Amino acid sequence: MRKIQFNALPMDWKLEGKEFRSKIVVLLIMLFVLSCHKEARGLPEEDDNMPVDTESPEFDRTIKVGDPTGKKVTAYLTGLNTVYAHEDMRTWDDGNKLNHLTNTGISALRYPEGHQVSFWDWEFPYHEPYQDIWNPNYESTLTQAKRDELKEKNKNRMLIDNYFEICRDGNIEPVMGINMFQGWKFDRNEESIQKAVRLVEYCLKQNPKVTYFFLDNEAGHQPEQNNHVPIEEYIQLIPAYSQAIKAIHPEAKLIPNIMRWNVVERMIRETGQYWDVYDNHWYYGSGGKWAYFNLNEWRAEVESEQQVKKIADFNSWKQQYGMEHLEFSYMEWNAPPPNLTADSNPSSLSYAMMGLIQADQLMFFANNDIHMATAWPLMWETESKDTDLSKYNRNLLDKDDSSWLSPSATIFQAYSHVQNGEILENDNDPNSGLRVLAVKREANKGYAVLVLNKSSKDKTIELELPDSVRRVIEGKHFTEGEGVHNVEIKTLSPEFKENKVYISIEGTSFAYLLFDY
């Protein structure tokens, strides 16, 4: 910036003497001439918002957005898991919940839920959630009067027709579950396969384009409880289910899920031709530990080494065994559960921190060629909506209050803008504590830049964008502060000038900007 310097007069100056008076007269004449010249040129006065010749704002670093990388973001990045037995469809009647899904950009819904699919009877979906429906002792109690009682009690659940209506009205991709556990547990596998075929046929009537079907859930989990299909038997069952389902729906994409990573290679080798998308579950924990969170470790982590290795292993195995059609997905994922381990630091997480962890995971999915990601859950029933800021819940919606929307909706909305887009190069240094995703959005919608500041320091960034970019059309900043559940969400509207924009991002926060061209 140009500076004007005024020199001080000597302390012993005197308003007397001919020489001094002559200088004063000359000075007055010069000021008068300058004033007239300025007026004649029509120049504004100093307080008329005259542009100031200033230097660029001070900034910590420049991040240049470059050429396309050739990598795309999945069209199904912002999916969610429904929990059919916890939903009360009466709370959907006012339209608020569907509007929330649409405005948040939810792209897929997994139904009827993870573990509940193992007990779900799609033809009579009124049993209690974890009831073994084919247990002979239970079946013997199902008189018509008992069935009528169950139906009346649970009639307001999210039934399959409700689910397809929501997917249709919200332009959401359905992901339907297949119950394999009951057939395995009660030695009725063939009957279970035929029930699955009838389900697929029914789904095709509801939506002829329905594609995704997940094969039960978490095979091999908690074997001591006998509530999941064991892995060995599960792998053996996959071909029979696949052949029956694809006989009536060749375009179906089947999604298996097992809980022992060291068996995935064998499942690919022995049954990879029978399925399409592997489902890996990832509830964030520092160092891969369940329910453990360490803020300093999270700050230092560029990407989860454990998840990076799994994806690399998977890609290597599918190439090794000629199964290049296979894709990788995360059909259950989220931040750590509310009850953290005793050695976690901090000892509990806020809604703001949950959103930032989710932003970190979503950026990982976007950058690593994930086929689909569905966070858990849309809504898990709690005693009341969470007003205790020391203990968040991971719900996007509330069971009873249709107006309530988690602050995390802003995170999902941000990532919905990059779905099906093409990732662009950027020269951010990950050691800066910043994580940056730049995307050319689908259908010529413009560009998006998402920035996660994992460091504790505020940063001002100079973003240098392609020459075709014209203006900022939307921006938001997400951090802890004043707002619902102590989350502050601010609008960003930085000035765009000569393909550059300057944004200030607080420590431990997330921001995104959308650009037109």
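Residues numbered from 1 in each chain as written. Predicted model: local features only at pLDDT ≥ 70, side-chain atom pairs only at ≥ 80, totals over all residues. Heavy atoms only, no water.

A word on the overall build of the protein chain
What counts is decided by this rule: For helices the rule is a DSSP run of H or I covering at least 4 residues; for strands it is a run of E covering at least 2, with both sets numbered from the N terminus onward. Only protein chains enter the accessibility calculation, which uses a 1.4 Å probe; a residue is then buried when its area is under 20% of its type maximum, exposed when over 50%, and partly exposed in between. Contacts were defined at the residue level, with two residues in contact if any of their heavy atoms lie within 4.5 Å. For the accessible areas, the method is Shrake-Rupley and the probe is 1.4 Å, while residue cover comes only from the protein chains on display.
Scanning the protein chain from N- to C-terminus turns up 13 helices and 18 strands. Burial statistics for the protein chain: of 517 residues in total, 52% are counted as buried. Long-range contacts, defined here as pairs at least 24 residues apart, represent 75% of the contacts in the protein chain between residues at least 6 apart. Summing over all exposed atoms, the protein chain offers an accessible surface of approximately 25,200 Å²; the carbon and sulfur share of this is 48%.

A look at helix H12 (residues 351-367)
Selection rule: Residue count minus one, scaled by 1.5 Å, sets the expected span of a helix.
Given a rise of 1.5 Å per residue, 17 residues ought to cover 24 Å, and the 24 Å separating the end C-alpha atoms of H12 matches this to within 8%. With 16 of 17 residues buried, H12 lies mostly within the body of the structure. Immediately beyond the C-terminal end of H12, within one or two residues, lies Asp 369, with a positive phi of roughly 55°.

Quick look at the packing of helix H8 (residues 231-248) against helix H9 (residues 264-271)
Using the following cut-off: For every element, the axis is a line fit to its C-alpha atoms; helices are fit only across the contacting stretch, and the angle between N-to-C directions ranges from 0 to 180 degrees. When describing relative orientation, an angle under 35 degrees is termed roughly parallel and one over 145 degrees roughly antiparallel, while 65 to 115 degrees is termed roughly perpendicular and anything else oblique. Each helix crossing is assigned a hand: it is left-handed if the near helix lies turned anticlockwise from the far helix by less than a right angle, otherwise right-handed if that turn is clockwise.
The interhelical angle for the contact between H8 and H9, taken along N-to-C directions, is 25°, at an axis separation of 10 Å. Judged by the angle between their axes, H8 and H9 are roughly parallel. As for the relative orientation of H8 and H9, their crossing is right-handed in sense. Seen from H8, the contacting residues are Glu 232, Ile 235, Ile 238 and Pro 239; seen from H9, they are Arg 266, Met 267, Glu 270 and Thr 271.

Concerning the pattern of salt bridges
The cut-off we apply is this: Salt bridges are defined as contacts in which a side-chain nitrogen from Lys or Arg sits within 4 Å of a carboxyl oxygen from Asp or Glu.
In the structure shown here, the tally under the stated rule is 24 salt bridges. Two residues, Glu 149 and Lys 146, come together in a salt bridge whose shortest N-O distance is 3.9 Å. With Glu 149 and Lys 146 both in helix H4 (residues 144-153), this residue pair falls three residues apart, about one helical turn. With a relative accessible area of 27%, Lys 146 lands in the partly exposed category. A salt bridge links Asp 360 to Lys 454; its shortest N-O distance comes to 2.8 Å. Highlighted residues: Asp 360 in helix H12 and Lys 454 in the loop between strand S12 (447-453) and strand S13 (459-464), separated in sequence by 94 residues. Across this residue pair, the class does not change: Asp 360 and Lys 454 are buried.

Describing the confidence of the model for the protein chain
Under the convention used in this document: Confidence per residue, as judged by the predictor, is encoded in pLDDT with a range of 0 to 100.
Taken as a whole, the protein chain shows an average pLDDT of 90; of its residues, 87% reach a score of 70 or greater. Confidence, expressed as mean pLDDT per element, reaches its minimum in the protein chain at helix H1 (residues 18-40) with 44 and its maximum at strand S6 (residues 253-255) with 99. In the predicted structure, residues 1-21 sits below a pLDDT of 50 and forms eight contacts with residues beyond four places in sequence or in another chain. Segment residues 23-55: pLDDT under 50, and eight contacts once partners within four positions in sequence are set aside and those in other chains are kept.

Side note on the packing of aromatic side chains
Applicable threshold: Aromatic rings from Phe, Tyr and Trp, taking only the six-membered ring of Trp, are treated as a pair when their centres fall within 6.5 Å; an angle between ring planes under 30 degrees marks them as stacked, one over 60 as edge-to-face, and anything in between as tilted. Lysine and arginine charges are scored as sitting over a ring when NZ or CZ, respectively, is within 6 Å of the ring centre and within 35 degrees of the ring normal.
Within this structure, the stated rule accounts for 36 aromatic pairs. Relative to Tyr 130, the ring of Phe 119 has its centre 5.7 Å away and its plane inclined at 80°; by these criteria the two rings are edge-to-face. Of this pair, Phe 119 sits in the loop between strand S3 (108-111) and helix H3 (136-139) while Tyr 130 sits in the loop between S3 and H3, placing them eleven residues apart in sequence. On the accessibility criterion, Phe 119 (2% relative accessible area) is buried. You can call Tyr 130 partly exposed: its relative accessible area is 41%. Here the basic side chain of Lys 289 rests over the ring of Tyr 292, its NZ or CZ set 5.2 Å away from the ring centre.

Focus: the side chain of Ser 509
Filter applied, for reference: Counted as a polar contact is a pair of N or O atoms within 3.5 Å, where, for protein atoms, one must be capable of donating a hydrogen and the other of accepting one, and residues adjacent in sequence contribute only when both atoms are in side chains.
By secondary structure assignment, the location of Ser 509 is in strand S18 (residues 509-516). Since its relative accessible area comes to 0%, Ser 509 is described here as buried. Polar side-chain contacts of Ser 509 include one of 3.3 Å to the side chain of His 477. What Ser 509 contacts, discounting residues up to four positions off in sequence, is Leu 356, Val 451, Leu 452, Asn 453, His 477, Phe 478 and Thr 479.

Observations regarding the environment of Lys 497
One can find Lys 497 in strand S16 (residues 496-497). Through-space distance from the C-alpha of Lys 497 to that of Arg 471 is 8.3 Å; in sequence the pair is 26 residues apart.

As for the pairing of S18
We count it as follows: A pair of strands is treated as paired once DSSP finds two or more bridges between them.
Summarising burial for S18: eight of the eight residues are buried, a large majority. Side-chain alternation along S18 places Ser 509, Ala 511, Leu 513 and Phe 515 on one buried face and Phe 510, Tyr 512, Leu 514 and Asp 516 on a second face that is also buried. With seven bridges joining them, S12 and S18 adopt antiparallel strand pairing. If you follow Asn 453 over to S18, its bridge partner there is Ser 509.

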